[in-house]
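# A structural walkthrough
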Amino acid sequence: MGFDRGNMTCRVCMLPQPLPQDFLERLAENKAGSLEHVTDEPSWGWVTGRFLLETEITEETCKFGSYYHICLRQAERKIPASLLNAECKLEELVQMRARKVDHLNRKVLKEIKEEIKERLLPTMPPQVSGIYAAIDPVAGMMYITATSAKQLDLFSGFFAKAAGFDPLPMTPDNLAQVKYGVDPLAVPAINISPSLEDVDGATGLLGENFLTWLWFFQETHEGILPPTRLGDFSLLVDGPLTFVAEGSGSYESSLRKGTPTNSAEARSAMMVGKKLRSAKLVLARNQGEEWSCMLDASQFILKGLKLPDGEAMDPVDIFTERMANLDIFRQMLFELFHLYLNTVNDSAKRAEYQKNVKKWVQDHAQY
């Protein structure tokens, strides 16, 4: 699903340089072909973000206000495994009766399968899917639905042909280095467990340490975030929760039912040094404005992001309103991450945070 309706799952990328003036023309040069020529080999090409069959790429079809909405479409023909197996079995029985044998050798079985595939494949309807992208050239940001490394590499390769450069995924490490000038390897991990030595408990990825801090910050500040130029916001960190830890033993644990944030299991996980890898974030501003998503902190992937209800009626206005709300969530996430970097990179603030977070973990059931 694209960015024009419903909840969205995406990652944030930065554009390291402006898009070329003829960006859409370059996309059109590699637009998706006719579905009539699709085979069992996946074929890729650009379509608009409106729907997977719209291959005419122009400003009218792909540009909404100052934003671009595009999609890298995959098309291929597939024979359902159950149908292929049934057709092969039917032909095998025919062949065995004709040859008066009770079994066929591997060579014959392979030939039967290839003949069936060659006969059935042209009759199969093409299956289409896509990786969507919403581009904000003014802010130099792009949101893409490629959440796996394989999808990201594939999309980046096609995008680079048109734009002349690769998008830069805003993972916690990249965000720290590129936007805030902080070496991610120099950001200290924090031991939050009162029962572990600091040398043993100071583990976890940068994003995991950030999300754990964000949960602590939210609970100890009653959900009130520092004032911003975008307004006054409140935050709730909620379940499901996924904790991870390095080393042997139970590496990952997930808490889903009941109230995971107030559970004894959450405290137990943190007591053994586990950090929070994913959690639900609920961001609110004013009455009725609410954003919510599952945040994968290791890559900063937003899963099932729900935006505030909009007021626009025109399709262009709906899209631009949604993109503006998406950008608000992105900016708030980045600002909170920046606040975390400022906290842990300052020795005095880091020491105070570590002392307080250990007490918070020890007394967690009271919050």
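Rules used throughout
Residues numbered from 1 in each chain as written. Predicted model: local features only at pLDDT ≥ 70, side-chain atom pairs only at ≥ 80, totals over all residues. Heavy atoms only, no water. Phe/Tyr/Trp six-rings, centres within 6.5 Å; stacked < 30°, edge-to-face > 60°. Helix = DSSP H or I, 4+ residues; strand = E, 2+ residues; numbered from the N terminus. Buried < 20%, exposed > 50% of the residue type's maximum accessible area, 1.4 Å probe, protein only. Salt bridge = Lys/Arg side-chain N within 4 Å of Asp/Glu carboxyl O.

### Topic: the packing of aromatic side chains
One pass over the structure, following the stated rule, counts 20 aromatic pairs. With centroids separated by 5.3 Å and ring planes inclined at 85°, the aromatic side chains of F210 and F337 adopt a geometry described as edge-to-face. With F210 in helix 8 (residues 206-220) and F337 in helix 10 (residues 315-344), the pair connects residues that are 127 residues apart, well separated along the chain. In this pair, the class of F210 matches that of F337, namely buried. Relative to Y340, the ring of F210 lies with its centre 5.9 Å away and its plane at 65°, an arrangement referred to as edge-to-face. Note that F210 is positioned in helix 8 and Y340 in helix 10, a separation of 130 residues in sequence. An aromatic cluster of three or more residues is present, and its members are F23, W46, Y68, F155, F159 and F165.

### Some words on the pattern of salt bridges
Across all of its chains, the model carries ten salt bridges by this definition. For R119, the salt bridge identified is with E87, shortest N-O distance 3.2 Å. With R119 in helix 4 (residues 106-120) and E87 in helix 3 (residues 81-99), this residue pair connects regions lying 32 residues apart in the sequence. By relative accessible area, which is 22% here, E87 ends up partly exposed.

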